[in-house]
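Summary of the model geometry
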Amino acid sequence: QVQLVESGGGLVQPGGSLKLSCAASGSIRSYNMGWYRQSPGKQREYVATISARSGITLTDSVEGRFTISRDNRKNTVYLQMNMLKPEDTAVYYCNAATSSVTVAWGQGTQVTVSS
């Protein structure tokens, strides 16, 4: 079973950018890879997905600001976050899934958007 490790979180001012990485312990070639986030007191919510065939979907609130990409040679998925807002503050989690089941979650990386 693949293991996932996120990195790249931190503190950034509103309007700034961060790039999150999710490194897998094995091949991600056959997996749909996603990013989710969870704010204090809220349910974990979907952010973005890139399918095994590199089809991309984004939740409406990040459309035009975030992009997701993958490098199968490096077994890594990225989330480029631009024009960050305070409401983007959350722990961001990486996810690997097949068409029917979740295979793995990462441990999360904190993103804080504040002046």
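Heads up: these notes are all about the structure in this document. Fair warning: this is a prediction, and the values are worked out from it, not measured in the lab. (Residues numbered from 1 in each chain as written. Predicted model: local features only at pLDDT ≥ 70, side-chain atom pairs only at ≥ 80, totals over all residues. Heavy atoms only, no water.)

The next thing to look at is the overall build of the protein chain. Scanning the protein chain from terminus to terminus reveals zero helices and 11 strands. Its helices and strands in sequence order give the protein chain the pattern β-β-β-β-β-β-β-β-β-β-β, from N to C terminus. In summary, the protein chain has a C-alpha radius of gyration of 13 Å against a globular reference of 13 Å for 115 residues, a match within 12%. Each principal axis of the C-alpha atoms in the protein chain carries an extent, and together these give about 40 × 25 × 25 Å. Here the protein chain, with 115 residues, has 43% of them falling under the buried criterion. Sequence-distant contacts in the protein chain: of pairs separated by 6 or more residues, those separated by 24 or more amount to 53%. Split by element, the accessible area of the protein chain, about 6,100 Å² in all, is 47% carbon and sulfur. Once the 11 positive and 7 negative side-chain charges of the protein chain are each reduced to a mean point, those two points are 8 Å apart. (Helix = DSSP H or I, 4+ residues; strand = E, 2+ residues; numbered from the N terminus. Rg over C-alpha atoms; globule rule 2.2 N^0.38 Å. Buried < 20%, exposed > 50% of the residue type's maximum accessible area, 1.4 Å probe, protein only. Contact = heavy atoms within 4.5 Å. Areas by Shrake-Rupley, 256 points an atom, 1.4 Å probe, with all protein chains shown as cover. Lys, Arg positive; Asp, Glu negative; His and termini not counted. Charge placed at Lys NZ, Arg CZ, Asp CG, Glu CD.)

Strand order in the open sheet formed by four strands is S1-S3-S8-S7, with antiparallel pairing between adjacent strands. Of all the strands in the sheet, just strand S1 (4-7) and strand S7 (66-71) have a single pairing partner and so form its edges. Across the sheet, the axes of successive neighbouring strands diverge by a mean angle of 15°, strand direction being ignored. In this sheet, strand S3 (residues 18-24) lies alongside S1 in antiparallel orientation, the contact comprising four bridges. What sits directly across from Leu4, in S3, is Ala24. (Pairing = 2+ DSSP bridges. Axes fitted to C-alpha atoms, helices over the stretch in contact; angles between N-to-C directions.)

Our focus in this paragraph is the nonpolar core. A general feature of soluble globular proteins is that nonpolar side chains tend to end up buried together. In this structure, Leu4, Met33, Trp35, Leu79, Met81 and Tyr92 are the most contacted members of the largest nonpolar core, which totals 30 residues. Once you skip the residues sitting within four places of it in the chain, Met33 turns out to touch Leu4, Cys22, Ile28, Ala48, Thr49, Ile50, Ile68, Arg70, Val77, Cys94, Asn95 and Ala96. (Core = buried A, V, L, I, M, F, W, Y, C linked by side-chain atoms within 4.5 Å.)

So, about unusual backbone geometry. The phi dihedral of Ser54 falls on the positive side, at around 70°, and the residue is not glycine. Positive phi, normally seen in glycine, also occurs at Asn75, with a value near 50°. Examined against the element boundaries, Asn75 turns out to sit in the loop between S7 and strand S8 (76-81). Relative accessible area serves as the criterion here: at 18%, Asn75 is assigned to the buried category.

A few words now on the side chain of Arg37. Within the element layout of this structure, Arg37 appears in strand S4 (residues 32-38). Separated by 2.6 Å, the side chains of Arg37 and Glu45 make a polar contact. Of note is the side chain of Arg37, whose polar atom sits 3.5 Å from the side chain of Ser61. When near neighbours in sequence (up to four residues on either side) are disregarded, Arg37 contacts Gln43, Arg44, Glu45, Val47, Ser61, Val62, Phe66, Glu87, Asp88, Ala90, Val91 and Tyr92. (Polar contact = N/O pair within 3.5 Å; in protein donor to acceptor, adjacent residues only side chain to side chain.)

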